[in-house]
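# Topology and contacts: notes
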Number of protein chains: 2
Amino acid sequence: MAKTPERKVWAENYSDWFHKILSEVPVYDTRYPVKGTGIWTPFGFKLRKGVIEIIRDELEKANHEEVLFPLLIPDYMLGKEGDHIKKFDDEVYWVTHGGRDLLDVKLALRPTSETAIYPMFQLWVNAYSDLPIRIFQIVNIFRYETKATRPMIRVREVSTFKEAHTAHATREDAENQVQDGIAIYSRIFERLRIPFFKSIRPEWDKFPGAEYSVAFDTILPDGKVLQIGTVHFLGQGFAKAFDIKYMTANGGYEYVWQTCYGISERAIAALISTHGDDNGMNLPSNVAPVQAVIIPIVYKGKEEDVLKKCNEVKGILTSAGIRTAVDDRKEITPGNKYFAWELKGTPVRIELGPRDIEAATAVLVRRDLLQKTVVPISAIAEGTKKLLASVDEALGERSKKWMAERLTKVTSLDDLQKTLDSKGGIVEVPWCGGRGCGEEMEAKMNARILGTPYHDEMVVECSQSCVFCGKDATKAIRIARSY
Amino acid sequence: MAKTPERKVWAENYSDWFHKILSEVPVYDTRYPVKGTGIWTPFGFKLRKGVIEIIRDELEKANHEEVLFPLLIPDYMLGKEGDHIKKFDDEVYWVTHGGRDLLDVKLALRPTSETAIYPMFQLWVNAYSDLPIRIFQIVNIFRYETKATRPMIRVREVSTFKEAHTAHATREDAENQVQDGIAIYSRIFERLRIPFFKSIRPEWDKFPGAEYSVAFDTILPDGKVLQIGTVHFLGQGFAKAFDIKYMTANGGYEYVWQTCYGISERAIAALISTHGDDNGMNLPSNVAPVQAVIIPIVYKGKEEDVLKKCNEVKGILTSAGIRTAVDDRKEITPGNKYFAWELKGTPVRIELGPRDIEAATAVLVRRDLLQKTVVPISAIAEGTKKLLASVDEALGERSKKWMAERLTKVTSLDDLQKTLDSKGGIVEVPWCGGRGCGEEMEAKMNARILGTPYHDEMVVECSQSCVFCGKDATKAIRIARSY
């Protein structure tokens, strides 16, 4: 009797679907009267907290310490690293007045915190023994976006920016840290069951001030790519701009080597989008604010018995560590409760009525497939746990498969164009490696070059020609329509 | 052999003492180049997190839901409630530019969030069934302080502002909420072992836009008073300014009744200051990042045995839920380790050397009294837990006693002046109730009227005269030098 939920509206009208989820659950209220900002509702805040806990856990296990820096950055500090300021100059919000006074020094709302943190690294680092430093903070950042904004995805206040910053004695240590950062992010996205591809961004699209950037991209239901995390090797550029040096064994001084990496609420947008269907969200159990919801099926005269049993089952599940709620609202029918909790992505629903109680069983419904199972109440905790694990696994497999099907390899410009226009997703093509050729390709295809596949995803291609200029191809490059 | 730690420098040179703690632990780095801001270091962040968890726990138990609102408030919204804007107009930071563009609407960095949140209450509240609303958020707020700043106590960026906002159908419900807010705050400060007095602030010192304000004050080591929390009854003032109405049973509309209450990192400053002594901090175990530190007492040839046993004990304590660290740094003597962990306020130190291992015992030293106890290793978890509880209780008692001794009741202006000048703390005097008289008294005493004692601290005084004007006194009023 299982009805597999449709993913039609989800795929064909993703933008509407996403806005509906945010406003009807609600997750994030976009009616705040400053463009490109929003409010995390109680439900949204719990979901955000669950994601943050996973991010924090992975960073702490990898020896990162959490700190908190001020929001405001003096203009002379923001301007210290040349490439960095060139990029952010047009995107920064400026505080110019305190009360009625014009400030002596203009203060930027941080667009990211390199230029806030690294002047302090200069004070904190003296000797070799002060290294490595591995810190992170979770803060809001600001970008004066002139493009159309989109909730959680392109905003002016990024409310949930996790930024890690590290400093090391040698290039090798720092490059190892880049690999660690990539491993940490892979684990975070795997725990969220968000599929991703890792690409080394092209020279002209790396983080301003970095030597190179590795990005995590996912594909949204409309086939467009969303960047959900980046890891940057900064070399010694910032160290030189901010004079961050340590004393070496022989008494000389050496600039430190640095990395930084960031994740934002785009991860939450991806989480919601990737697993959704026409009925609403599907949340992996580790971030679901409620993992199992119990719906009393009430018949006249049996109300008390049923409610009592529901609360008893809630007690059993809570003791077993399952976040459980009983939806005992009187004015709403069971059917409408089903819809509401499906919308919220609650992985397991438990239906309990007089007949179930008589039979000492309960009906468990898994959110992803809307499949029913009957479980004896004596085994309800194990049954629910098993079902949660099964939902998690299925969500992971479905999203991975969906994404894998949207990485297409083609060898001609024509096929590239066709694939981008019809199927979307990421298209891998042979490329000569020339920047001019890459940028022309971006303009002509109205798409973005995501870069070359990161090592472990690399496929060695030989004897092919650049799809654009026809010269010998030196590498595969990924191209996509993107957010 | 117990040596009770001195509190001489702590009391006589509190300001230096406090700065030393912040910079030497370190807790909060004040060298960031924007006046009135600072950086929470890894240790400080953990301490802050512990305090936040207690605040969050008490609010959630009392049915408050956490949310997150944007930082920026358009000028026309900030200006909607007359008294509110009058107070904040001179204190607000203004964002005027995005990139190189002048913004159409000036945006304020929130000085507090009434004017950000209440326009959304207007959207969220329709029917009686939407009430009550009880939300809170933990955010940074900004005040352009023109007075001398002081780390955590008077800052321009308050990095840790917990603000709760509620809306109710009736005045009675809202006033009950004020009482609940006061009860919640009392529990929070009791869990932190921070002593307090509650006063109803005078008319001229209430929150701008409120009908009345109840404040929690503590006394710092220098005898000056620090406001650490406030609970406000807002009446319908903001509801009228922001048009927040609900439909009543008979189909009419009624404005909601509101309350709000806030706590900032001043609570952390009070926590550090209240319990400290000349050796450093004393942290209650619930917020101590490390509750028990194990110091290996190493003799040549025994290093490995000792370290092994230390890690074994750490395992036992960790399994018992005690946050434990082993300080196995080689280049530092045990004595210097003692100093470092005393400075950090770690409640229990465990010394373990070859002789202890032979005797199957460990030496436990409680931070507050620096008293030693010998405990068999077989009972080390229970022994440590008992000692932690004993430290907590002693810190609570000492701070409560210290504070109680600094509430003085006098009946003459002369004694008021003398008490303020010599002993400091809070002085309670009979007062006629006149605002003019109160404000003159503040000017003449160079002190602040904290207000009348809150109900449960009220002592009915009769047949006395106002210390200032000599008329019949109607109430007791509290006055103090304050931060």
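Here the residue numbering is sequential within each chain, running from 1 through the sequence in written order. Chain letters start at A and ligand numbers start at 1, both assigned in the order the entries are written. The predicted nature of this model means local features are confined to residues of pLDDT at least 70 and side-chain atom pairs, given and counted, to a pLDDT of 80 or more, with totals for whole chains, interfaces and linings taken over all residues. With hydrogens and water excluded, all non-hydrogen atoms of the structure serve as input to the side-chain values.

## Here we look at the sheet that holds strand β17 (residues 348-352) of chain B
All names here are of chain B.
- Spatially, β16-β15-β17-β18-β19 is the arrangement adopted by the five strands of the open sheet, whose pairing is mixed. The sheet is open, and its two borders are formed by β16 (324-326) and β19 (371-376), each paired with just one other strand. When the angles between neighbouring strand axes are averaged without regard to direction, this sheet yields 25°.
- Of the pairings in the sheet, the one linking strand β18 (residues 361-366) to β19 comprises six bridges and is antiparallel in character. Each residue of the ladder has a partner; that of L364, found in β19, is T373.
- Against the sheet, helix α10 (residues 303-319) contacts β15 (292-296), β16 and β17, and its axis sits at roughly 170° relative to β15. For two strands to count as paired, DSSP must find a minimum of two bridges between them. Put simply, DSSP H or I for four residues or longer makes a helix, DSSP E for two residues or longer makes a strand, and each gets a number counted from the N terminus. Note on geometry: axes are lines fitted to C-alpha atoms, helical ones only across the stretch in contact, with angles between N-to-C directions running from 0 to 180 degrees. Any two residues whose heavy atoms approach within 4.5 Å are treated as being in contact.

## What about the layout of surface pockets?
- Using a grid of 1 Å spacing that covers the protein atoms alone, one calls a set of points a cavity when a 1.4 Å probe fits there but cannot get out, and a pocket when the set is open and has protein on both sides within 12 Å along at least five of seven lines; lining residues are those with an atom within 4 Å of a point. Grid points are joined across faces, edges and corners, and a volume is the space filled by probe spheres set on the points. Estimates place the volume of the largest pocket at around 2,000 Å³.
- Taken together, 50 residues make up the lining of the largest pocket; nearest its centre are A:P42, A:F43, A:K46, A:K344 and B:E65.
- Of all the elements in the fold, those that place two or more residues in the lining of the largest pocket are α2 (14-24), β1 (28-29), α3 (42-61), β16 (324-326) and α11 (334-343) of chain A together with β3 (65-66) and β7 (133-142) of chain B.
- No other element matches α3(A), which puts eight residues into the lining of the largest pocket.
- Counted by class, the lining of the largest pocket contains 23 nonpolar, ten polar and 17 charged residues. Classification convention: Asp, Glu, Lys, Arg as charged; Ala, Val, Leu, Ile, Met, Phe, Trp, Tyr, Cys, Pro as nonpolar; all other residues, Gly among them, as polar.

## Section: the packing of helix α2 (residues 14-24) of chain B against helix α9 (residues 266-275) of chain B
All names here are of chain B.
- The contact between α2 and α9 brings their axes to 11 Å, and the two run at 110°. In terms of their interaxial angle, α2 and α9 are classed as roughly perpendicular. Viewed along their axes, α2 and α9 form a crossing whose handedness is right-handed. Counted together, Y14, W17, F18, I21 and L22 of α2 and A269, I272 and S273 of α9 form the full contact between these two elements.
- Counted by class, the contact of α2 with α9 contains seven nonpolar, one polar and no charged residues. Orientation labels follow simple angle bins: below 35 degrees gives roughly parallel, above 145 gives roughly antiparallel, 65 to 115 gives roughly perpendicular, and whatever is left gives oblique. Crossing handedness follows the turn of the near helix against the far one: under a right angle anticlockwise gives a left-handed crossing, and clockwise gives a right-handed one.

## Comments concerning the interface of chain A and chain B
- Taken residue by residue, the interface counts 55 residues in chain A and 55 residues in chain B.
- Note on terms: buried area is the combined drop in 1.4 Å-probe accessible area of two parts once they are placed together, counting the loss on both. For the pairing of chain A and chain B, the buried interface totals around 4,600 Å² over both sides, and the portion due to carbon and sulfur atoms is 63%.
- Among the residues of chain A in contact with chain B, A:Y32, A:L68 and A:P70 are the three that bury the most area, contributing 14% of the side total.
- The salt bridge definition used is simple: a Lys or Arg side-chain nitrogen within 4 Å of an Asp or Glu carboxyl oxygen. Scanning the region where chain A abuts chain B turns up six salt bridges.
- A:D90 is the salt-bridge partner of B:R100, the closest N and O atoms lying 2.8 Å from each other.
- Whenever two N or O atoms come within 3.5 Å, that pair is a polar contact, provided that in protein one can donate a hydrogen and the other can accept it, and provided that, for residues adjacent in sequence, both atoms are side-chain atoms. Summed over the shared surface of chain A and chain B, the number is 23 residue pairs in polar contact (both at pLDDT 80 or more).

## Points about the relation of the copies chain A and chain B
- Least squares is the method for superposing the copies, and the C-alpha atoms it fits come from residues with pLDDT of at least 70 in both. When chain A is fitted onto chain B, the two copies agree to an RMSD of 0.0 Å after a turn of 180° and an axial shift of 0.0 Å. The transformation relating the two chain copies, once decomposed into turn and shift, fits a two-fold axis. Rotation axis and chain A: the residue whose C-alpha lies nearest the axis is A:V95, separated from it by 2.1 Å.
- Taken together, the interface assignments show that 100% of the residues at the interface of chain A recur at the interface of chain B, consistent with an identical surface on both copies.

## Examining the pairing of strand β17 (residues 348-352) of chain A
All names here are of chain A.
- Think of it in three bands: with a 1.4 Å probe and only protein chains considered, a residue is buried below 20% of the maximum accessible area for its type, exposed above 50%, and partly exposed in between. With respect to burial, β17 is a largely interior element, five of its five residues being buried.
- What you see with β17 is no split at all: V348, I350 and L352 on one side and R349 and E351 on the other are buried throughout.
- Inspection of the sheet shows strand β15 (residues 292-296) paired to β17 by five bridges, in the parallel sense. Within β17, the position partnered with I295 by the bridge is E351.
- With four bridges connecting them, β17 and strand β18 (residues 361-366) associate as antiparallel partners. Counterpart to R349 in the pairing with β18 is V365.

## What about the sheet that holds strand β6 (residues 101-109) of chain A?
- Strand order in this open sheet of six strands is β4(A)-β6(A)-β5(A)-β5(B)-β6(B)-β4(B), and the pairing throughout is antiparallel. Edge positions in the sheet fall to β4 (72-74) of chain A together with β4 (72-74) of chain B, since each of these pairs with one other strand and no more. Between one strand axis and the next, the sheet turns through 45° on average, direction left out of account.
- The sheet contact formed by β4(A) and β6(A) spans three bridges and is antiparallel. Residue pairing for β6(A): A:P74 is matched across the bridge by A:L107.

## A closer look at the pairing of strand β10 (residues 212-219) of chain A
All names here are of chain A.
- Where burial is concerned, most of β10 is hidden: seven out of the eight residues are buried.
- In terms of strand pairing, strand β9 (residues 197-200) meets β10 through four bridges, oriented antiparallel. Bridge pairing links K198 to F216 in β10.
- With eight bridges joining them, β10 and strand β11 (residues 225-235) adopt antiparallel strand pairing. By the bridge assignment for β11, A215 is matched with T230.
- The antiparallel hairpin formed by β10 and β11 contains five residues in its connecting segment, where G223 sits at a positive phi of about 90°.

## Some thoughts on the nonpolar core
- Nine residue types can take part in a nonpolar core, namely buried Ala, Val, Leu, Ile, Met, Phe, Trp, Tyr and Cys, and a core is a set of them joined through side-chain atoms within 4.5 Å. Counting residues in each nonpolar core, the largest one holds 143 residues, and the members touching the most others are A:V27, A:M152, A:I272, B:V27, B:M152 and B:I272.
- Not counting residues up to four positions away in its chain, the partners in contact with B:I272 are B:W17, B:F18, B:I21, B:L22, B:V27, B:L47, B:M152 and B:M281.
- Within the second largest apolar cluster, 86 residues are counted, among which are A:Y93, A:A169, B:I39 and B:Y118.

## Here's the deal with the pattern of salt bridges
- Throughout the structure, instances matching the rule amount to 70 salt bridges over all chains.
- Residue A:R100 pairs with B:D89 through a salt bridge whose shortest N-O separation is 3.2 Å. In this pair, A:R100 sits in the loop between β5 (93-98) and β6 while B:D89 sits in the loop between α5 (82-88) and β5 (93-98), so the two residues belong to two different chains.
- Take B:D89: its relative accessible area is 24%, and that puts it in the partly exposed class.
- A salt bridge links B:R191 to B:E58; its shortest N-O distance comes to 2.8 Å. Of the two residues, B:R191 is situated in helix α7 (residues 171-191) and B:E58 in helix α3 (residues 42-61); the sequence distance between them amounts to 133 residues.
- Taking the relative accessible area as the measure of exposure, B:E58 reaches 4% and is therefore buried.
- The network of salt bridges with common partners includes A:D57, A:E58, A:K61, A:R187 and A:R191.

## What about the packing of aromatic side chains?
- In summary, the pairing rule links any two rings of Phe, Tyr or Trp, Trp by its six-membered ring, whose centres are within 6.5 Å, and it sorts them by plane angle into stacked for under 30 degrees, edge-to-face for over 60 and tilted for everything else. Taken as a whole and assessed by the stated rule, the structure comprises 44 aromatic pairs over all chains.
- What links up through ring pairs into an aromatic cluster is the set A:F69, A:Y118, A:F121, A:W124, A:F238 and A:F242.
- Note that A:K106 overlies the ring of A:W94, its terminal NZ or CZ placed 4.2 Å from the centroid.
- Definition used: whenever NZ (Lys) or CZ (Arg) falls within 6 Å of the ring centre and also within 35 degrees of the ring normal, the charge is taken to sit over that ring. Seen from the ring of B:W40, B:R48 lies directly overhead, with NZ or CZ sitting 5.9 Å from the centre.

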